[in-house]
Amino acid sequence: MSISDRSILILGCFDTKGDVFSYLRECIAAQGETVITVNTGVFGTTSAFPVDFEADAVAAAAGHDITALRRDRDRGKAIDIMGRGASRLVSQLYHEGKIKAVVGMGGGGGTYIALSAMQGVPFGAPKVCLTTLATKDLSRQIGDKDIMLIPSVVDVAGMNHILRQLVAQAAAAVCAMANVDTADHPAKARSIAISMFGNTTACVDKCTELLTRAGYEVLAFHATGVGGKTMESLIREGCFDAVLDITTTELADDLCGGICSAGPERLTAAAEMGIPQVVVPGCMDMVNFAHLDTIPHAFAGRHLYSWAPDVTLMRTDERENAILGERLAHKVSRSPVPAAVVLPLRGISQVASEGGIFHNPAADEALFAAIRTHVSGNVSVIEADTHINDPAFAHLLVDTLLGLMQKK
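Attention in this report is confined to the structure presented alongside it. (Residues numbered from 1 in each chain as written. Predicted model: local features only at pLDDT ≥ 70, side-chain atom pairs only at ≥ 80, totals over all residues. Heavy atoms only, no water.)

**Points about the state of the cysteines**
- Counted under the stated rule, the structure contains 0 disulfides.
- For C283, which is in no disulfide, the shortest distance to another cysteine sulfur is to C203 and amounts to 10.0 Å. (Disulfide = S-S within 2.5 Å.)

In structure tokens form, the structure reads like this:
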């Protein structure tokens, strides 16, 4: 089915914002697009335009009855259920080839439901939300999805000249995005995911150069939490032939409560998908926090370094490194195909080399020893008497990864 045969899906609380959604629908239709509408408003609907999926269908998709939700009058519970139901319904419509883009609008509850619904749509399909919360931290609700937020400036409650202009712009944006022909931007037949940080940039740049020269497209992900989550998500979507995971620092943040945690599922997707991976304990010498005054009291007295005014790094100790090494080893060892963990014995980050602020051979050895002890299955451990940013280490990583890919 071509792009032109599919519709743009509009979802939101039509019970309280029917006039605003009616105008959005008119603007999209004026662009020559067909529309599918989904009502997530628990207490009613609208007569301003046809509704394809009413709130009872959304609640049912989450395994609940809309009558019970209305009777309970529990707003938080209702928002959660409608968000989950909308996600399942939208995902189904997308995979049936019926929609090409999703647009939603709302305040607090409406935004939560819209962003939840968009979780069911894969990378590349446009997702636009006009919201009162656009300038808030919505990273948790957005997750690893490519969602565009547009500030509504005023509340999404009753039409006025400001909201009318922004709704029209949102409609124009989603229509234009929906009709970009992805055939003009094809993914290369051979793609490799790579993880990076400022402390591993030299290594990643050299690996990218070598892999590009070998005919691969290399996609780098910044290991800031969201970056790692996004990489894992795209691996599961089948976007890559292999993974060169140089910067696994997000595991350290997950262990110690840093701001760059990618959650417990980090470093699991490649094994689940059965694709070759080469893993480095890059930047596991550090946990990332924000400004110096945000460091948790539990870490008072620890070895800290100000990487930037709003980034404070904490050196991981021997105990933490032993745990991290075991976790990394167990995750990689789940791989059903050959994989490798490569250890740069002279430093796992830019600041961990001899003379560097985080140079601590005992802590590094605790990490390495745990990896050696707990690696099993199809995973080999390769030790290199180099620093992580040494060009020779990059050559070793690329040669190892290409060798694994040839075996597969």
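**Some details on the environment of L234**
- If you trace the backbone, L234 turns up in helix 9 (residues 226–236).
- Spatially, the C-alpha atoms of L234 and P122 are 8.9 Å apart, while their sequence positions differ by 112 residues.
- Beyond its immediate sequence surroundings of up to four residues, L234 is in contact with F123, F221, C239 and F240. (Helix = DSSP H or I, 4+ residues; strand = E, 2+ residues; numbered from the N terminus. Contact = heavy atoms within 4.5 Å.)

**Quick word on the nonpolar core**
- One finds L9, M82 and V102 to be the most contacted residues of the largest nonpolar core, which totals 32 residues.
- Elements that contribute at least two residues to this core include exactly strand 1 (7–12), strand 2 (35–39), helix 2 (55–61), helix 3 (66–72), helix 4 (75–95), strand 3 (99–106) and helix 5 (108–118).
- For this core, the element with the highest residue contribution is helix 4, accounting for 8 residues. (Core = buried A, V, L, I, M, F, W, Y, C linked by side-chain atoms within 4.5 Å. Buried < 20%, exposed > 50% of the residue type's maximum accessible area, 1.4 Å probe, protein only.)

**Observations concerning the pairing of strand 6 (residues 191–196)**
- For strand 6, a buried count of 6 out of 6 residues is recorded, marking the element as mostly surrounded by other parts of the structure.
- Side chains S191, A193 and S195 project from strand 6 onto one buried face, and the interleaved I192, I194 and M196 project onto a second face that is buried too.
- By the bridge criterion, 6 bridges tie strand 6 to strand 7 (residues 217–222) in an arrangement that is parallel. Within strand 7, the position partnered with S195 by the bridge is F221.
- Note that the unit made of strand 6, helix 8 (residues 201–213) and strand 7 has a crossover that is right-handed.
- Where strand 6 meets strand 8 (residues 242–247), 3 bridges bridge the pair, whose relative direction is parallel. (Pairing = 2+ DSSP bridges. Right-handed = clockwise from strand over helix to strand, strands pointing away.)

**So, the sheet that holds strand 4 (residues 127–131)**
- If you walk across this open sheet you meet the 5 strands as 2-1-3-4-5, and the pairing is parallel. The open sheet has two edge strands, strand 2 and strand 5 (148–151), and neither has a second partner. In this sheet, adjacent strand axes meet at a mean angle of 20° when their direction is disregarded.
- Pairing of strand 4 with strand 5 involves 4 bridges; the strand directions are parallel. When the sheet's bridge partners are listed, V128 is paired in strand 5 with M148.
- Seen against the sheet, helix 4 touches strand 1, strand 2 and strand 3 and runs at an angle of roughly 160° to strand 3. (Axes fitted to C-alpha atoms, helices over the stretch in contact; angles between N-to-C directions.)

**Overview of the sheet that holds strand 7**
- Judged by pairing direction, the sheet is parallel, and its 6 strands sit side by side in the order 7-6-8-9-13-14 without closing on themselves. Where the open sheet ends on each side, the last strands, each with one partner, are strand 7 and strand 14 (379–384). On average, each strand axis in the sheet is inclined to that of its neighbour by 20°, with strand direction left out of account.
- Against the sheet, helix 12 (residues 318–332) contacts strand 9 (277–282), strand 13 (339–344) and strand 14, and its axis sits at roughly 175° relative to strand 9.
- Together, strand 9, strand 13 and strand 14 form the strand contacts of helix 13 (residues 361–374), whose direction differs from that of strand 13 by roughly 160°.

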